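As a plain string of letters, each chain reads:
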Amino acid sequence: MPNFLTTKEAAAAANCSELTIKRAIQSGQLRAYRPGRGYSIDPVDLENYVRSKRVKPAKQKVAN
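Given the structure is predicted, the values throughout are model-derived calculations rather than measurements.

Brief notes about the overall build of the protein chain
Piece 1. Helix and strand counts for the protein chain stand at three helices and zero strands.
Piece 2. The order of helices and strands in the protein chain, counted from the N terminus, is α-α-α.
Piece 3. Every one of the 64 residues in the protein chain was classed for burial, and the buried ones make up 23%.
Piece 4. Here the analysis covers contacts within the protein chain between residues at least 6 apart in sequence; of these, 45% occur between residues at least 24 apart.
Piece 5. Surface exposure of the protein chain reaches about 5400 Å², of which carbon and sulfur atoms provide 50%.

Some words on helix α1 (residues 7-14)
Piece 1. Along α1, the residues that are buried comprise Thr7, Ala10 and Ala11. Take α1 and look down its axis: the buried residues cluster within an arc of 100°, on one side only. Exposed and oriented more than 90 degrees from the buried face of α1 are Lys8, Ala12 and Ala13.
Piece 2. Residues of α1 that are buried in the fold lie against α2 (18-27) and α3 (43-53).
Piece 3. Within two residues after α1, asparagine 15 carries a phi angle of roughly 60°, on the positive side.

Quick word on the environment of lysine 8
Piece 1. If you trace the backbone, lysine 8 turns up in helix α1.
Piece 2. In sequence terms lysine 8 and glutamate 18 are 10 residues apart; their C-alpha atoms lie 5.5 Å from each other.

Brief notes about unusual backbone geometry
Piece 1. For asparagine 15, which is not glycine, the phi torsion reads 60° and is therefore positive.
Piece 2. You can see asparagine 15 is positioned in the loop between α1 and α2.

Regarding the nonpolar core
Piece 1. Within the largest apolar cluster, 11 residues are counted, these being Leu5, Ala10, Ala11, Ile21, Ala24, Ile25, Leu30, Tyr39, Ile41, Leu46 and Tyr49.
Piece 2. The dominant element in this core, judged by the number of residues it contributes, is α2, at three residues.
Piece 3. Residues contacting isoleucine 21, with those up to four places away along its chain left out, are Thr7, Ala10, Ala11, Ala14, Cys16, Leu30, Ile41 and Leu46.

What to know about the packing of aromatic side chains
Piece 1. A complete count under the given rule lists one aromatic pair for this structure.
Piece 2. Aromatic pair phenylalanine 4 and tyrosine 33: ring centres 5.6 Å apart, planes at 80°, arrangement edge-to-face. Residue phenylalanine 4 is located in the segment before α1, and its partner tyrosine 33 is located in the loop between α2 and α3; the two are separated by 29 residues in the primary sequence.
Piece 3. Over the face of the ring belonging to tyrosine 39 we find arginine 34, whose NZ or CZ atom lies 4.6 Å from the ring centre.

The rules we used
- Residues numbered from 1 in each chain as written.
- Predicted model: local features only at pLDDT ≥ 70, side-chain atom pairs only at ≥ 80, totals over all residues.
- Heavy atoms only, no water.
- Helix = DSSP H or I, 4+ residues; strand = E, 2+ residues; numbered from the N terminus.
- Buried < 20%, exposed > 50% of the residue type's maximum accessible area, 1.4 Å probe, protein only.
- Contact = heavy atoms within 4.5 Å.
- Areas by Shrake-Rupley, 256 points an atom, 1.4 Å probe, with all protein chains shown as cover.
- Arc of directions from axis to C-beta.
- Core = buried A, V, L, I, M, F, W, Y, C linked by side-chain atoms within 4.5 Å.
- Phe/Tyr/Trp six-rings, centres within 6.5 Å; stacked < 30°, edge-to-face > 60°.
- Lys NZ or Arg CZ within 6 Å of the ring centre and 35° of its normal.

Any functional reading would require information beyond the geometric quantities listed.
Below you can see the structure in the form of structure tokens.
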């Protein structure tokens, strides 16, 4: 069984706020389990969420 993260641990790992993690869970962008009052987040799901939010650099125009 994998070690699940709390929202606080996930926020620290993703370098964002705990509120951002909770909003991502509530909007369905980040999968989480709710065994009690708090959330449990699989590290693989967190990694997939972080990768999906990365901004790709725009292609630079070549001057003639």
